[in-house]
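So you can see what is in the structure, the chains are spelled out below.
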Amino acid sequence: MPAPDTFWTYFGAVATYLAVLMVPGGIIGRAAGVRGWALAGLAPLLSYAVTGLGGPWLAAVGLRYNVLTAAACTLLLAGIAWGIRRLCLVRGWIKPGAEEPPVVWSTRAHWSVAACVVVATALSIAVVLSARGGTTAVFQRWDTVYHANGIRYIADTGDGSLIGMSKINWYPDGSFYPNGYHLVAALVYQISGTSIPVTLNAVTMPVAGIFALSMVALVRQMGGRAVFAGCAALIAAAATTGAYESVSSGLLPYALGVVLTPLMVVSLQRFLVRPGVDTGLVLALTVDGLLVAHSSALFGGTLFAAPLVLQRWYRSLRGLQVDGVPEGRNGLRVIGGDIVRTVPVMVIGLALAALQILGAIGFTNGAYPYQPWNSDLPVMSALNMLATFQQVLHKPQLWLTVLLVVGVLSFRSLGRLRWLMVSAIGLSGLFVLVTSYGASPLVISLSRPWWNDRFRLMALAAIPLCLLAGHGMAELQRWIAQLIRSVSWAKARPKVVSRLGVAAAAVVVALTAVFTGGFYRTANATAVSFLYYNGPEGEVTPPVSPDEIAAMDFLGRMGIPADQKVLNDRLDGTAWMYALTGVHPVAGHYDGGGPISPDAAYLALHFRDYDLDLRVREAVQRLKVHHVLVGSGSIAKDAPLSAGLRDLRGRDFLRLVYDNPGAQIYTIIK
């Protein structure tokens, strides 16, 4: 049963998540020599890397995954990072410093940017909290039940393997799924002591805040202005197509991967500028962190960061200044050196993530069905979505469009970040291809890491677009400050001139907040509310109903042994049974594809013939089914109840033990 919606319940869960998010990665990053905003930004990704890698390796050697073993993995990796770096420093093999940002920020600038990140995080939490309206805080979208059951499975069993949590639905063997998201959430669940729905809400609330922090770390690492970093953080918390849209669709690990993607640039830039064992290890862990968060995040991070490398190589071929390269060095030598030095980093990353890579290869070669979406919207519609940050909502975010236009027109002032234009064009072009030509076999093949899904690719394209909009916002601040400084009254007052930059920034932020209605908080809450109601705008009938939740709560108090399963319909809300009560359902996910148990499929069609069908009775015995839970509604609109579960009331082989308007529990008595 979901825990009560109290302030302290959610505060404790969110605080626990932030600690799990920042502490392990912060320890590892600091041991590897990362400092400042790079450390703050990379900490969440490194936390997901150590847990996402540690869980499967612990399972491989027969150890349980829990708070203690996760802490041991953190200390082990941090010790290795510290030891290697210390050895290299003593031997003089590395000389730290060159990888630090090339532009100095004032103390006031650092605090101002930190304030923007705090505001962005508060906005993110407020959006999710205000989107939870209704009678339940249980997530309603397709994959959320799989994530919920998976988190509980890891916490209850200590099985951190890449196939374990799938056994709730694809038993007895399970199915491959990168579980970094679930391993971190399992720690939050264990430490906070809250319910699974509260844990999921807590892990979701600061998602745009993580996005904002990643943006700041990127801008800071590339030598951007503090105003640009702060504005990018606020835009990250305002754009629906950034973090919120993936959340609204229930793509929780994918949303995590998207908000961590900018960090690929941070670790890559640090390594390219000052190649070393320490920066190489951080890059390898960054690559693995994206992989364990969501496999497509690694592909997305590579596409997003590739223009940075191309810009570096282009400048080196033209003989222009390149960060970390002595003046006059041959361009081909620079390119060759970058490639050669990156190879061992990739080898380390592949070795650490060997279980994930082998599992992914086996999964793609397996029998799980791949069904492309085949979108065919007009090209102009796709471009309009990109430019207006609008896809699931009816109203465009036109003020962000204005800022985006300003940012694009002033791209020359991006300096080291000019590659963002190429990144934006490339990722936006991929979105247009999938949105307008989704049925093309070539497009299907190119977009397979994202399941040929335009909603996923919109979030990926939103990363450079949000940065360009943040740049536009920062340029407005620069123009306003320059305009005021040109006035004779201001020129005569040096103290006033020195404070004009801060005043102009405050004015731009305030005006943006006013024009966007609080950085589109209400609009974003509407988008996120789809996560709870599973439908288009205006539809508010949740598949997981309060009646079903009450029935599952009763079921959890019946003392059902762990080795027994409860028969249920695949498409109603009872698939949440394990997450809410710990009782194992026959159907543990709405998804009936892949290696579903033949017994489960047969019972769904024929259970009502229990008296007449020997195969039904044998399936019941094999699955150890002693109880049946029949819910109401469906994740698929207007889908009927499974034929085998219809009209069970009054059957002589069943006894009704619980009944409410939306759910019934039966016990098999024969």
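All of these numbers come straight from a predicted model, not from anything done at the bench.

Regarding the packing of helix α12 (residues 263-273) against helix α13 (residues 277-293)
- At a minimum axis separation of 8 Å, α12 and α13 run at an interaxial angle of 160 degrees. By the criterion of interaxial angle, the relationship of α12 to α13 is roughly antiparallel. As for the relative orientation of α12 and α13, their crossing is left-handed in sense. In contact with Leu263, Met264, Ser267, Leu268, Arg270 and Phe271 of α12, α13 contributes Thr279, Gly280, Val282, Leu283, Thr286, Val287 and Leu290.
- Of the residues that constitute the contact of α12 with α13, the class distribution is 8 nonpolar, 4 polar and 1 charged.

Some points on unusual backbone geometry
- In this chain, Tyr171 is followed by Pro172 through a cis amide linkage whose omega measures 5 degrees.
- Mapped onto the secondary structure, Pro172 falls in the loop between α5 (144-157) and α6 (180-192).
- Of note, Phe389 is a non-glycine position whose phi angle comes to about 55 degrees, a positive value.
- Within the secondary structure, Phe389 is located in the loop between α17 (379-388) and α18 (398-409).
- In this model, Phe519 sits at a positive phi of 60 degrees, which is unusual for a non-glycine residue.
- By the element assignment, Phe519 lies in helix α24 (residues 517-533).

Details of the sheet that holds strand β2 (residues 584-585)
- Strand order in the open sheet formed by 5 strands is β2-β1-β3-β5-β4, and the pairing between neighbours is mixed. The two strands at the open ends of the sheet, each matched to only one other strand, are β2 and β4 (654-660).
- Packing of helix α25 (residues 546-556) onto the sheet brings it into contact with β1 (565-568), β3 (625-630), β4 and β5 (663-668), and relative to β4 it is tilted by some 130 degrees.

Remarks on the pattern of salt bridges
- Overall, the coordinates contain 16 salt bridges when judged by the stated rule.
- Of the charged contacts in the structure, one is a salt bridge between Asp278 and Arg85, with a shortest N-O distance of 3.1 Å. One end of the pair, Asp278, is in helix α13; the other, Arg85, is in helix α3 (residues 67-91), and 193 residues separate them in sequence.
- The salt bridge involving Glu475 is made with Arg478; its shortest N-O contact spans 3.1 Å. Here Glu475 and its partner Arg478 are both found in helix α21 (residues 454-485), 3 residues apart, which amounts to about one turn of the helix.
- Taking the relative accessible area as the measure of exposure, Glu475 reaches 3% and is therefore buried.
- Here the salt bridges do not stand alone but share partners, grouping Arg85, Glu99, Glu100, Arg270, Arg274 and Asp278 into one network.

Details of the environment of Arg557
- Take Arg557: it is sitting in the loop between α25 and β1.
- Looking at Arg557, its side chain comes within polar contact range of the side chain of Asp553, at 2.6 Å.

Some details on the nonpolar core
- In terms of nonpolar packing, the biggest core is built from 206 residues, with Leu218, Leu260, Trp576, Phe607 and Val628 touching the most fellow members.
- Of all the elements, α21 adds the most residues to this core, at 14 residues.
- When residues no more than four places from it in sequence are discounted, the contact partners of Val628 are Val566, Leu567, Phe607, Leu645, Leu648, Leu654, Gln664, Ile665, Tyr666 and Ile668.

Some words on helix α10 (residues 240-248)
- The element α10 is extensively covered by neighbouring structure, given that 9 of its 9 residues are classed as buried.
- Residues Thr240, Thr241, Gly242, Ala243, Tyr244, Glu245, Ser246, Val247 and Ser248 constitute the buried set of α10.

Some details on a nonpolar patch on the surface
- Taken together, Trp399, Val402, Val507, Leu511, Val514 and Phe515 make up a surface patch of nonpolar side chains, about 550 Å² in accessible area.
- When residues in the nonpolar patch are grouped by element, the largest group, 4 residues, is from helix α23 (residues 494-515).
- Of note, Trp399 is situated in helix α18.
- The exposure class of Trp399 is partly exposed, given its relative accessible area of 40%.

So, the confidence of the model for the chain
- For the chain, per-residue confidence averages 89 on the pLDDT scale, and residues scoring 70 or more make up 94% of the total.
- Taken element by element, the chain is modelled with least confidence in helix α22 (residues 488-491), mean pLDDT 60, and with most confidence in helix α8 (residues 207-221), mean pLDDT 96.

Here's the deal with the pairing of β5
- Of all 6 residues in β5, 6 are buried, a share of seventy percent or more.
- Burial along β5 is two-sided: the face carrying Ala663, Ile665 and Thr667 and the face carrying Gln664, Tyr666 and Ile668 are both buried.
- Summarising the sheet, β3 and β5 pair through 4 bridges and their orientation is antiparallel. Looking at the pairing, Leu629 lines up with Ile665 of β5.
- Judged from the 6 bridges that link them, β4 and β5 form a sheet pairing that is antiparallel. Counterpart to Tyr658 in the pairing with β5 is Ile665.
- As consecutive antiparallel partners, β4 and β5 are separated by 2 residues.

A word on the side chain of Arg570
- Here Arg570 is to be found in the loop between β1 and α26 (577-581).
- At 6.7 Å, Asp591 is the nearest oppositely charged side chain to Arg570, a buried residue that forms no salt bridge.
- Polar side-chain contacts of Arg570 include one of 3.3 Å to the backbone oxygen of Asp591.
- Apart from the residues within four sequence positions on either side, Arg570 is in contact with Asn169, Val586, Ala587, Gly588, His589, Tyr590, Asp591, Gly592, Ile596 and Ala600.

A look at α13
- For α13, spanning 17 residues, the distance from its first C-alpha to its last is 24 Å, which sits close to the expected 24 Å at 1.5 Å a residue.
- Counting buried residues along α13, 16 of its 17 residues qualify, which places the element largely inside the surrounding structure.

A look at the packing of α6 against helix α7 (residues 196-204)
- In contact at an axis separation of 10 Å, α6 and α7 are set at 120 degrees when each is read in the N-to-C sense. Considering the angle they form, α6 stands oblique to α7. By crossing handedness, the relation of α6 to α7 is classed as right-handed. Where α6 approaches α7, its residues Tyr181, Ala185, Val188, Tyr189 and Ser192 are matched on the opposing element by Ile196, Thr199, Leu200, Val203 and Thr204.
- Here the residues of the contact of α6 with α7 sort into 7 nonpolar, 3 polar and no charged.

The rules we used
- Residues numbered from 1 in each chain as written.
- Predicted model: local features only at pLDDT ≥ 70, side-chain atom pairs only at ≥ 80, totals over all residues.
- Heavy atoms only, no water.
- Axes fitted to C-alpha atoms, helices over the stretch in contact; angles between N-to-C directions.
- Helix = DSSP H or I, 4+ residues; strand = E, 2+ residues; numbered from the N terminus.
- Parallel < 35°, antiparallel > 145°, perpendicular 65-115°, else oblique.
- Left-handed = near helix turned anticlockwise from the far one by under 90°.
- Contact = heavy atoms within 4.5 Å.
- Nonpolar A, V, L, I, M, F, W, Y, C, P; charged D, E, K, R; others polar.
- Pairing = 2+ DSSP bridges.
- Salt bridge = Lys/Arg side-chain N within 4 Å of Asp/Glu carboxyl O.
- Buried < 20%, exposed > 50% of the residue type's maximum accessible area, 1.4 Å probe, protein only.
- Polar contact = N/O pair within 3.5 Å; in protein donor to acceptor, adjacent residues only side chain to side chain.
- Core = buried A, V, L, I, M, F, W, Y, C linked by side-chain atoms within 4.5 Å.
- Patch = residues over 30% accessible without salt bridge, like charges linked within 9 Å, V, L, I, M, F, W, Y side chains within 5 Å.
- Areas by Shrake-Rupley, 256 points an atom, 1.4 Å probe, with all protein chains shown as cover.
- pLDDT = per-residue confidence, 0-100.
- Lys, Arg positive; Asp, Glu negative; His and termini not counted.
- Expected span 1.5 Å × (residues − 1).

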